[in-house]
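Next come the chains, spelled out residue by residue.
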Amino acid sequence: MNRLRALWPLIAVLAGSPAFAGNFVLEGDLSAIYRSGNFVVWASKPSPGEQQVGGMMAAATSGQDKRASLESTLDVIAKAPLSPDGTFRVEANIETPAVVYFYVLDAIGHEGQRYAPYKGNAFILEPGELRLHMTRPGQFFIEGGRYNDAVYNSWRRSAPYVEAQADYRALLGAVDGETESERRARTDRASAAFNRMLDLEQEGRAQTATTHTDALVRRLTIESAWLGGQWMLEALRSLAEMTPDDPWVVERLARMEESETKRSAERKRFAVGAGIRDFTAQTLDGKSIRLADVRANSKIVLVEFWASWCGPCRVEIPHMKEAYSRYRDKGFEIVSFTIDNDREDWEVASEEEQLPWHDLGMGEDADAPRAYNVTGVPKNYLVDSASGEILAKDLRGHHLDEKLAELLGGPG
């Protein structure tokens, strides 16, 4: 709670209203997903020598007790085990609305499978009685909170977003008897539905962050966003006019204007035709792999950035395995790097996916994602091994197949 108390004087001024102090209660039923686990509401807890990135800690966890090392990086606000019937209830006294997260730690499914903590479960901690509705990991909403409604539910529960989400999920599964051309058309439609979801989220956040009458709602909308872009820069400029004395807004705006200039240069640096950047990283068993060495023993390399919590990344892996099996003997290689900050997340996801290529990590602050300015996943680069030239970017599904067929021969 120390972090939340520290935020209170600033947010109280920003909100221009009385203290929000009160009791927070969150309940939910997770029996459809988990057999057991611990529900934890948390905020990031920076420690000496560590850097906080986007609300997540870039903390290496190499100790014997991985669960303890993960929880030690968190400022745990409330915690409770799931009841035998899958329900939970957590509560705490709080002093101000703030962006927090939740995990289900030590989670076990009904078939005995382990679940890595699903990242990205953000919501607004605020006084009152709230209820979590979750149909699958990562797909949820919280009802009962004014700030959650404004910051999240205003777009997440809108008819267009719900429709796009349903379309996306309906298109993920294979269809019995579909031809290759039908499969490719289906994956293209799934990609379009997912991009529509992203667009609707950005549009919804932009609307709230630039028009809402409550300055705190605007700030929480910006603070909780994982997708940046021009909308955020415009929202910060608008909020700076509304609250010119807020140091968080002033500092964040200055940082974003500077990063926008850098991003423009980075886009040119990683354009198709540009040269790839070398890096060295380790596998789970501690073996060092250098990209230059992989290039020396291949014709084409796919450099893939992913994460255990990234749904689109995980959905693509089975197809990447198929492409790897078809083209490996022709000189195709894959080097994947997870930006997971917690080793257990990387281990569990790798165990689940059984990656047959170079599986490297660790963390979003490591040399590899820094070299490639990775601010989001999935992201990949297809590289000519001999020249180091970037041949294509962000190839998914049959688009990867078609490019490999063009470069290496064989069916597209």
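Below, the structure is looked at part by part.

What counts and what doesn't
- Residues numbered from 1 in each chain as written.
- Predicted model: local features only at pLDDT ≥ 70, side-chain atom pairs only at ≥ 80, totals over all residues.
- Heavy atoms only, no water.
- Helix = DSSP H or I, 4+ residues; strand = E, 2+ residues; numbered from the N terminus.
- Buried < 20%, exposed > 50% of the residue type's maximum accessible area, 1.4 Å probe, protein only.
- Contact = heavy atoms within 4.5 Å.
- Areas by Shrake-Rupley, 256 points an atom, 1.4 Å probe, with all protein chains shown as cover.
- Salt bridge = Lys/Arg side-chain N within 4 Å of Asp/Glu carboxyl O.
- Pairing = 2+ DSSP bridges.
- Axes fitted to C-alpha atoms, helices over the stretch in contact; angles between N-to-C directions.
- Phe/Tyr/Trp six-rings, centres within 6.5 Å; stacked < 30°, edge-to-face > 60°.
- Disulfide = S-S within 2.5 Å.

Let's talk about the overall build of the protein
Across its full length, the protein holds 13 helices and 18 strands. Taken across its 412 residues, the protein has 50% of its residues classed as buried. A fraction of 69% describes how many contacts in the protein between residues 6 or more apart in sequence connect residues 24 or more apart. Put simply, the protein shows about 18900 Å² of open surface, and 49% of that area lies on carbon and sulfur atoms.

Section: the pattern of salt bridges
On inspection of all chains with the given rule, the structure shows 22 salt bridges. For R186, the salt bridge identified is with E178, shortest N-O distance 2.8 Å. Owing to a relative accessible area of 7%, R186 belongs among the buried residues under this scheme. Linking R396 and E304 is a salt bridge whose minimum nitrogen-to-oxygen distance equals 3.1 Å. Of this pair, R396 sits in the loop between β18 (390-393) and α13 (398-408) while E304 sits in strand β14 (residues 300-306), and the two are 92 residues apart along the sequence. We classify E304 as buried; its relative accessible area is 2%.

Quick word on the sheet that holds strand β1 (residues 22-29)
In spatial order, the strands read β6-β1-β10-β11; together these four strands make up an open sheet with mixed pairing. Edge positions in the sheet fall to β6 (87-94) and β11 (139-143), since each has one partner strand and no second. Taking each pair of neighbouring strands and ignoring which way they run, the sheet shows an average axis angle of 20°. Of the pairings in the sheet, the one linking β1 to β6 comprises eight bridges and is antiparallel in character. What sits directly across from N23, in β6, is N93. Along the sheet face, helix α3 (residues 146-156) touches β10 (128-136) and β11 and points at about 135° away from the line of β11.

Quick word on the packing of aromatic side chains
Overall, the coordinates contain 19 aromatic pairs when judged by the stated rule. Each ring, one from F39 and one from F88, has its centre 3.9 Å from the other, and the planes form 15°; the classification is stacked. Within this pair, whereas F39 is found in strand β2 (residues 36-44), its partner F88 is found in strand β6, the two being separated by 49 residues in sequence. Both residues of the pair, F39 and F88, belong to the buried class. Ring geometry for W42 against Y103: centres 4.9 Å apart, planes inclined by 35°, an arrangement best described as tilted.

Notes on the environment of F140
Counting through the fold element by element, F140 comes out in strand β11. Taking the C-alpha atoms as reference points, F140 and R156, 16 residues apart in sequence, are found 9.1 Å from one another. Setting aside anything within four residues of it in sequence, one finds F140 in contact with F102, N121, A122, L132, H133, M134 and R156.

Some thoughts on the side chain of Q165
Within the element layout of this structure, Q165 appears in helix α4 (residues 159-170). With residues near it in sequence (within four places) discarded, Q165 still touches Q139 and M197.

Quick look at the state of the cysteines
Evaluated as defined, the whole model comprises one disulfide. One disulfide bridge connects C310 with C313, the sulfur atoms lying 2.3 Å from each other. Here the S-S torsion is close to 75°, and the disulfide linking C310 with C313 is therefore right-handed. Owing to a relative accessible area of 4%, C310 belongs among the buried residues under this scheme.

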